[in-house]
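Each chain, letter by letter, is given below.
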Amino acid sequence: MQRRTALKQLGLIAGAAIILPHCTSKEAATEATVKLNKLQVSGQQENLLATMADALIPKTDTPGAKELNIHQFVLRMMDDCFDADAQKKFMAGLTQAQKAIVHKTGKDAEECTPAEWQAFFQDIEAGKIAAPAQGEDNLKAFYEPFRQLSIRGYLGSEYVMTNVFGYKMIPGKFTGEVKIDANSDLKTILA
Amino acid sequence: MNANIDATKQNTFDAIVIGSGISGGWAAKELTEKGLKTLVLERGRDVKHLKDYPTTNMQPWEFPHYGQMPKEVKDANPVVSKCYAFNEDAAHFFVKDQEHPYVQDKPFDWIRGYQVGGKSLLWARQTQRWSNFDFEGPARDGFAVDWPIRYKDIDPWYSYVEKFAGISGNKDGIPALPDGEFLPPMEMTKVESYFKEKVAENYKDRHIIVGRCAHITEQQPIHAEQGRAKCQHRNLCQRGCPFGGYFSSNASTIPWAERTGNMTLRPNSVVHSIIYDEQKGRATGVRVIDAETKATTEYFARIIFVNAAAMNTNLLLLNSTSNRFPNGLGNDSGVLGKYVAFHNYRARVSAEYEGFADYTKAGNRPNGCYIPRFRNVQKQETNFLRGYAAGFQAFRQVERSFDGIGADLKDNILHPSLGMWSVGSHMMGETIPKESSYVALDKDQKDAWGIPLLKISMDYDDNDEKMVKDYLEQISEMYSKAGFTNIQTFDSHQAPGLDIHEMGGARMGNDPKTSVLNKWNQVHACKNVFVTDGACMTSTSTQNPSLTYMAFTARAADYAVKQMKANEL
């Protein structure tokens, strides 16, 4: 992988900077900002996924998933590292989730609050969302990789690796025995 | 006519080195330093130190899939995908399955690196010396043939290559694992040191030591001269090191050879065969096919070093046929390609330890601990021949909860804690070279350069099965005596090859009737051809082999040049 290509794919080069289209109009059919090879994802679906990821991992005193573009990592991983069946179910499950939250809240998915999404995720995890009357139930086939990849993307992000965990590419040395106590901070115990 | 003479002159060197990996790099360095105009042929592309390490300074989050290989690549490359280091940061240094097919008569995962530097960019950098117990093995235990050398013959050459390469280690004083010219050792963790003590208390002949590895832990003038600095413990070695902290041909021997002004490096040069001249009774040169244009060119030299990596060296010698050598260069004995072997890396034992909860480590250690062979060392004492060395390491587990949704989930994942110590070991078993284990030219299939595909046929045997069982039992027992809990044993049943320690086929020996090379790594029947890579190995022992290839190469180059000066070659 050429460094430049890799950076480009991550949107870290100025020309490819990711600006999320804050377009919530259902009529405007937009394309996803992340370049995908296999998945067919619209701009609306990408935004929806960003909203969901941000509900799963919200902004607190540290950035949330949306600010760190974690939904793009989720899509990139699903696009490149999963088989066709998993991809199909993921996309079908995304649509199913969208319909299910509309059914649950009576609101458009785009208008649901983070709290509503969080309650919805809780329902999914508790198995409380009924399977669709017709067709396959792909909700878990979407939710499980979505959750897992969001967490992985978040923990591996530059912000979290450097600011929270103190990752150093060049530690300079290795110390075999480091004494720690209960109050040792994260950067010490993960060094 | 004149043009032909000019072309021949232009293509004539004092020496030709085939391959630029860990042993070819050493051949290049030694021969050029001794004043020989040397042509170094590499079948792959050029990889220049620093310049051609595209991922070396990439942060983990800069990789599109955080290091994981895309599924399409994995599916298209089932063999190389099994290698632990075939990830987004180093995949460009590995041969892809379809680019270079081979025939698996029996399952064999052939892991290759076709570029200047070869696999020296990718190796695990463990550098343990052989002892006399290893060189005496075949004669004592009645397999293969007797090694034509003993430890005393190679001891000074180990020292010679260690000083230049930079080997970190501790002088442990263990007979089965001779000490070398060491830079300061890397540190052990609390539980590794504890295990070392417990094993010493319980067994008089078993030792836990920190691995000896090709990392500069204290820069000496010779390393500064190479432009190599102290290892910074990035533990990202497989990308190529911007500090030259570990030894590779690219960082060390190749640029060193280049600076002599005597080296001509020709990448993209696939060597088809060695040319043998019946009148002269010697090899005169090599036929090279340009990897890209497929044009054939001949190059000539007084001596030829074959360092194409063990299996490809066999392929090249087998493909070098003439009236004198209809079955491959130097193959009067008929053993060329036979008696190949590998290291048995199938087994692992993991465990946990609850003590020392107030200790951890800081930084990364691109190295592990090592358990030198303790079975059948002084005498035969088990129901299997030979023995195994083992890797060992102990680090704290990092635990985190993935429960919750929203702020709760975030709080959980951002606040990991240290769990129990996680303890692990892997086996490195000696396998016995047998006549039935062989590589040969496939009769029908050829590669894109018109060279027959290599057919590989080797497998585990009953001795290996017994050894796996013993390793699992003994390490489990050692763990128990140290109070480790949750002891789990694994046998991956992985195919040979994934150890990346394939050896033999052109073995050394005293008798030309049963071996291909003499005690100077010289082809018995064609004295100006030297083979100093893994193909020369008469037996495998348990140590990671690269250091021994380096020492063999430096020793053979010294001998070759002395012979040339004495007009014996």
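Residues numbered from 1 in each chain as written. Chains lettered and ligands numbered in written order. Predicted model: local features only at pLDDT ≥ 70, side-chain atom pairs only at ≥ 80, totals over all residues. Heavy atoms only, no water.

**Description of the overall build of chain B**
- When you go through chain B residue by residue, the secondary structure sums to 13 helices and 23 strands.
- In terms of C-alpha radius of gyration, chain B reaches 24 Å, essentially the compact-globule figure of 25 Å for 569 residues.
- In terms of overall dimensions, chain B has a C-alpha envelope of 85 × 55 × 50 Å along the principal axes.
- Within chain B, the proportion of its 569 residues that are buried is 63%.
- Working note: accessible area of chain B is about 20,400 Å², and carbon and sulfur atoms make up 48% of it.
- Of the side chains in chain B, 66 bear a positive and 68 a negative charge, and the two mean positions are spaced by 4 Å. (Helix = DSSP H or I, 4+ residues; strand = E, 2+ residues; numbered from the N terminus. Rg over C-alpha atoms; globule rule 2.2 N^0.38 Å. Buried < 20%, exposed > 50% of the residue type's maximum accessible area, 1.4 Å probe, protein only. Areas by Shrake-Rupley, 256 points an atom, 1.4 Å probe, with all protein chains shown as cover. Lys, Arg positive; Asp, Glu negative; His and termini not counted. Charge placed at Lys NZ, Arg CZ, Asp CG, Glu CD.)

**A short note on the overall build of chain A**
- Broken down by element type, chain A carries 8 helices and 1 strand.
- Traced from its N-terminal end to its C-terminal end, chain A shows the element sequence α-α-α-α-α-α-α-β-α.
- The buried share of chain A, taken over its 191 residues, is 45%.
- Of the contacts made within chain A by residues no fewer than 6 positions apart, 57% connect residues no fewer than 24 positions apart.
- Counting every atom, chain A has about 9,800 Å² of accessible surface; 51% of that belongs to carbon and sulfur. (Contact = heavy atoms within 4.5 Å.)

**What about the pattern of salt bridges?**
Residues and elements named next belong to chain B.
- Per the stated rule, a full pass over the model turns up 39 salt bridges over all chains.
- Measuring nitrogen to oxygen at the nearest pair gives 2.9 Å for the salt bridge that ties D141 to R140.
- With relative accessibility at 36%, the residue R140 sits in the partly exposed group.
- Across the pair R212 and D179 runs a salt bridge, and its minimum N-O distance is 2.9 Å. Of this pair, R212 sits in the loop between β6 (209-210) and α8 (221-226) while D179 sits in the loop between β4 (167-168) and β5 (182-183), and the two are 33 residues apart along the sequence. (Salt bridge = Lys/Arg side-chain N within 4 Å of Asp/Glu carboxyl O.)

**Focus: helix α2 (residues 43-56) of chain A**
- Taking 1.5 Å per residue as the helical rise, α2(A) with its 14 residues ought to reach 20 Å, and the 20 Å between its terminal C-alpha atoms agrees with that figure.
- Among the 14 residues of α2(A), 12 are classified as buried, and the element is accordingly described as predominantly covered.
- Contacts from the buried residues of α2(A) go to α3 (70-81), α4 (84-105), α5 (114-125) and α6 (139-155) of chain A together with α11 (407-413) of chain B. (Expected span 1.5 Å × (residues − 1).)

**Overview of the pairing of strand β10 (residues 296-306) of chain B**
Residues and elements named next belong to chain B.
- Relative to β10, strand β1 (residues 12-18) is paired through 6 bridges, and the arrangement is parallel. Residue I18 lies in a different strand from β10, and its bridge partner there is V306.
- Alignment of strand β9 (residues 282-290) against β10, held across 5 bridges, turns out to be antiparallel. When the sheet's bridge partners are listed, G285 is paired in β10 with F300.
- The hairpin turn running from β9 into β10, its antiparallel successor, is 5 residues long, and K294 in that turn takes a positive phi close to 65°.
- Of the pairings in the sheet, the one linking β10 to strand β23 (residues 526-531) comprises 3 bridges and is parallel in character. Bridged to F305 within β23 is F530. (Pairing = 2+ DSSP bridges.)

**Some remarks on the environment of F135(B)**
Residue and element names in this part refer to chain B.
- Looking at the secondary structure, you find F135 in helix α4 (residues 132-135).
- Once the C-alpha coordinates of F135 and S541 are considered, the two residues, 406 residues apart in sequence, prove to be 8.3 Å apart.
- With sequence-adjacent residues up to four places away left out, F135 is seen in contact with W130, D146, W147, I149, R150, Y151, I154 and F552.

**Some remarks on the nonpolar core**
- Among the nonpolar cores identified, the biggest contains 99 residues, and I274(B) and V286(B) are the most heavily contacted of them.
- The element best represented in this core is helix α6 (residues 151-165) of chain B, accounting for 7 residues.
- Non-local contacts of I274(B), meaning those with residues more than four positions away in its chain, are made with I18(B), A283(B), G285(B), V286(B), R287(B), I304(B), V306(B), L316(B), L317(B), S320(B), L329(B) and V529(B).
- Residues M78(A), L139(A), V164(A) and V178(A) belong to the second largest nonpolar core, which totals 54 residues. (Core = buried A, V, L, I, M, F, W, Y, C linked by side-chain atoms within 4.5 Å.)

**Some points on helix α13 (residues 546-565) of chain B**
Residues and elements named next belong to chain B.
- Here α13 spans 29 Å end to end across 20 residues, near enough to the 28 Å set by a 1.5 Å rise per residue.
- Here α13 lies mainly inside the structure; 18 of its 20 residues are buried.
- Of the residues trailing α13, N567 is marked for its positive phi of about 60°.

**So, the interface of chain A and chain B**
- With 60 residues of chain A at the contact, the number on the chain B side is 59 residues.
- Both sides of the chain A and chain B interface together cover about 5,000 Å² of buried area, and 64% of this is carbon and sulfur.
- Across the contact surface, chain A and chain B share 3 salt bridges.
- When the shortest N-O distance is used, the salt bridge between E177(A) and K190(B) registers 3.6 Å.
- Our enumeration of links across chain A and chain B arrives at 22 residue pairs in polar contact (both at pLDDT 80 or more).
- Among the elements of the structure, α1 (3-9), α2, α3, α5, α6, α7 (158-164), β1 (175-179) and α8 (186-189) of chain A are those that each provide at least two residues to the side of chain A that touches chain B.
- Among the elements that line the side of chain A that touches chain B, the one with the most residues is α6(A), at 7 residues.
- The class makeup of the residues in the side of chain A that touches chain B is 34 nonpolar, 13 polar and 13 charged.
- Sheet topology places β1(A) next to strand β14 (residues 359-362) of chain B; 3 bridges connect them, and they run antiparallel. The residue of β14(B) that forms the bridge with V178(A) is T360(B). (Buried area = accessible area lost by both parts, 1.4 Å probe. Polar contact = N/O pair within 3.5 Å; in protein donor to acceptor, adjacent residues only side chain to side chain. Nonpolar A, V, L, I, M, F, W, Y, C, P; charged D, E, K, R; others polar.)

**Notes on the environment of K481(B)**
Residue and element names in this part refer to chain B.
- Structurally, K481 can be placed in helix α12 (residues 462-481).
- Overall, K481 belongs to the partly exposed group, its relative accessible area being 41%.
- Remark: the alpha-carbon pair of K481 and N521, spanning 40 residues in sequence, is separated by 45 Å.
- Leaving out residues up to four positions away in the same chain, K481 has contacts with K198, N202 and Y203.

**Brief notes about the pairing of β9(B)**
All names here are of chain B.
- Counted residue by residue, β9 has 7 buried out of 9 residues, so it is predominantly covered.
- Judged from the 8 bridges that link them, strand β8 (residues 269-277) and β9 form a sheet pairing that is antiparallel. For I274, the partnering residue across the bridge sits in β9 and is V286.
- What sits between the antiparallel neighbours β8 and β9 is a turn of 4 residues, in which G281 has the positive phi angle 70°.

**So, the confidence of the model for chain A**
- The share of residues in chain A with pLDDT of 70 or more is 85%, and the mean pLDDT across the chain is 87.
- Counting interchain partners and residues more than four positions distant, the pLDDT-below-50 stretch residues 1-28 of chain A has 47 contacts. (pLDDT = per-residue confidence, 0-100.)

**Some words on the packing of aromatic side chains**
All names here are of chain B.
- Applying the stated criterion across every chain, the model contains 41 aromatic pairs over all chains.
- Arranged with centres 6.3 Å apart and planes meeting at 55°, the rings of W26 and Y160 form a pair that is tilted. Placement of the pair is W26 in helix α2 (residues 22-33) and Y160 in helix α6, with a sequence separation of 134 residues.
- The exposure class of W26 is buried, given its relative accessible area of 0%.
- With 5.5 Å between their ring centres and 85° between their planes, F374 and Y388 make a pair best called edge-to-face. (Phe/Tyr/Trp six-rings, centres within 6.5 Å; stacked < 30°, edge-to-face > 60°.)

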